[in-house]
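Listed below, chain by chain, are the residues.
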Amino acid sequence: MSSSFAGLGLSESLLQTLDACGYKEPTPIQSQAIRGILQGRDVIGAAQTGTGKTAAFALPTLQRLDRHDPNGPRALILVPTRELAMQVDENFKRYGKETDLRVTLLYGGVGYKEQLNDLRTGADVIVATPGRLLDLWGRRHLQLDKIQVLILDEVDRMLDMGFIEDVSRIIRLCPKERQTLLFSATVEKSILNIAKWALRDPVTIDARAESKTAETVEHFVYPVESYQKYDLLLALLSKTDFKSILIFTRTKRDADRITEWVESTSNSVATLHADRTQQERSEALAGFKSGKYAVLVATDIAARGLDVRGITHVINYNVPDHPEDYIHRIGRTGRASTEGTAYTLFSPDELHYMRAVENLLGKTIERRKLEGFKYRVEPMMGDNKPGSQPSTTPRRRNR
Ligand code: AMP
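How each quantity is defined
Residues numbered from 1 in each chain as written. Predicted model: local features only at pLDDT ≥ 70, side-chain atom pairs only at ≥ 80, totals over all residues. Heavy atoms only, no water. Salt bridge = Lys/Arg side-chain N within 4 Å of Asp/Glu carboxyl O. Helix = DSSP H or I, 4+ residues; strand = E, 2+ residues; numbered from the N terminus. Buried < 20%, exposed > 50% of the residue type's maximum accessible area, 1.4 Å probe, protein only. Core = buried A, V, L, I, M, F, W, Y, C linked by side-chain atoms within 4.5 Å. Contact = heavy atoms within 4.5 Å. Near = heavy atom within 4 Å. Polar contact = N/O pair within 3.5 Å; in protein donor to acceptor, adjacent residues only side chain to side chain. Areas by Shrake-Rupley, 256 points an atom, 1.4 Å probe, with all protein chains shown as cover. Nonpolar A, V, L, I, M, F, W, Y, C, P; charged D, E, K, R; others polar. Domains from an automatic or database assignment.

S.K.: I would appreciate a short explanation of the pattern of salt bridges in the present structure.
M.R.: Two side chains bearing opposite charge may form a pair once their charged atoms approach each other closely. Tallying each qualifying case throughout the model produces 22 salt bridges. For the salt bridge of Asp-201 with Arg-41, the shortest nitrogen-to-oxygen distance reads 3.6 Å. Of this pair, Asp-201 sits in the loop between α9 (189-198) and β7 (203-206) while Arg-41 sits in the loop between α2 (28-38) and β1 (43-46), and the two are 160 residues apart along the sequence. Overall, the relative accessible area of 58% leaves Asp-201 in the exposed class. Classification of Arg-41 as partly exposed rests on a relative accessible area of 33%. Residue Asp-89 pairs with Lys-93 through a salt bridge whose shortest N-O separation is 2.9 Å. Of the two residues, Asp-89 and Lys-93 both sit in helix α4 (residues 82-95), four residues apart, roughly one turn of that helix. Asp-89 sits in the buried class, given a relative accessible area of 7%. You can call Lys-93 partly exposed: its relative accessible area is 40%. Linked through salt bridges whose partners overlap, the residues forming this network are Lys-229, Arg-250, Asp-321 and Glu-350.

S.K.: Looking at this structure, how should I read the nonpolar core?
M.R.: Nonpolar side chains in soluble globular proteins tend to be buried together. With 40 residues, the main nonpolar core has Phe-57, Leu-59, Ile-77 and Phe-92 as its most contacted residues. Broken down by element, this core gets its largest block of residues, seven residues, from helix α3 (residues 53-65). Other than its neighbours up to four places away in sequence, Leu-59 contacts Phe-5, Leu-10, Leu-14, Leu-18, Ile-34 and Tyr-95. With 31 residues, the next largest nonpolar core counts Leu-134, Leu-182, Ile-191 and Ala-195 among its residues.

S.K.: Would you explain the site of the ligand in this entry?
M.R.: For the ligand, the set of nearby residues contains 16 residues, the closest of which are Tyr-23, Gly-50, Gly-52, Thr-54 and Asp-307. At 2.9 Å from a nitrogen atom of the ligand is found a main-chain nitrogen or oxygen belonging to Glu-25. Here an oxygen atom of the ligand and a backbone polar atom of Gly-52 are 2.8 Å apart. Coverage of the ligand by the protein amounts to 91% of the 500 Å² it exposes when considered alone. Of the residues contributing to the shell around the ligand, the split by class is three nonpolar, seven polar and six charged. For the shell around the ligand, the domains that each give at least three residues are domain 1 (6-206) and domain 2 (217-361).

What follows is the structure, encoded as structure tokens:
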């Protein structure tokens, strides 16, 4: 495995850009993926966000496209959410700034005018969510017949969000002769099924950290009865020395309620969930990134894959109902070798979900009791009561 970017075959100009970004050496997924992608190989990459996977696919793609071509987009990156689309777009623009390649961002929930203008000026790279892409394709505003590199990012989440048909259709709209890169935090059967028909002789790369959670994140579980979660959350906030904190909730309603509570403690707080308008979502995220808001309360769907620097703490108000989401959520902190802390509030009714998370991690997460907090019922510090087997695939709860 190469420990320098230069050894991976990247061009001099990209090496300079990486130097300017302050990247000293490639992350494991970058070391493993870049050379193969430069050679035109298809790739299945098992990697969660925070591993540097965006650069792993963006850098070689930019190098392969080389320069602007007015004949139509040659690279397409499909992502599940608008926020991730913005982030991937930003990355492509940052890494490609020494080139004349044009990157266009397409997502729903906003007007068409700007996106149509961008398309008219000629895109080389398109970063899109599936719905808006098909919408624009259906109205003949773009063609996919020149696509050479198709990148499917966070495929597990795209499937989870019900995009399977849209994604399959888009893959079929691209030329057969193309390079396809598939990234997903989990590579389960449904994903391998897509890989079977959409990819050709792929290289498989597993860049999930050994423990499967970033080593720079300390994480703890706070057992508490569900009716005391609110009090415990506020007590934790008041006792935690944080710079910026991301709170995950299961439902949009919880996100709204917690935002109100946190506001009442005079913390600056913003909310991110699917019922907010795009403008509100963008404002919340920008404000959180700039430090205007110290606290961001978000549902998992809205926040998946967000790359915000300097998040010191993550709090899960609920144990995630999909165990992989735990890794995603706590991966929001401790990014790219800074340190972070994650807390999960865990009530007895969530025992199945907690077991599924620990099964996936292959270890028990340390239980903690908050000193000075008035627990009405003694918290369950060791929860692995004898009885039912841990469930690895818990039923999805309504969001
Ligand atoms: P990603 O997993 O693509 O969301 O990337 C996570 C974060 O790591 C982003 O903020 C990147 O800018 C940063 N990053 C990516 N590659 C490197 C690298 N080789 N060295 C340092 N930071 C990096």
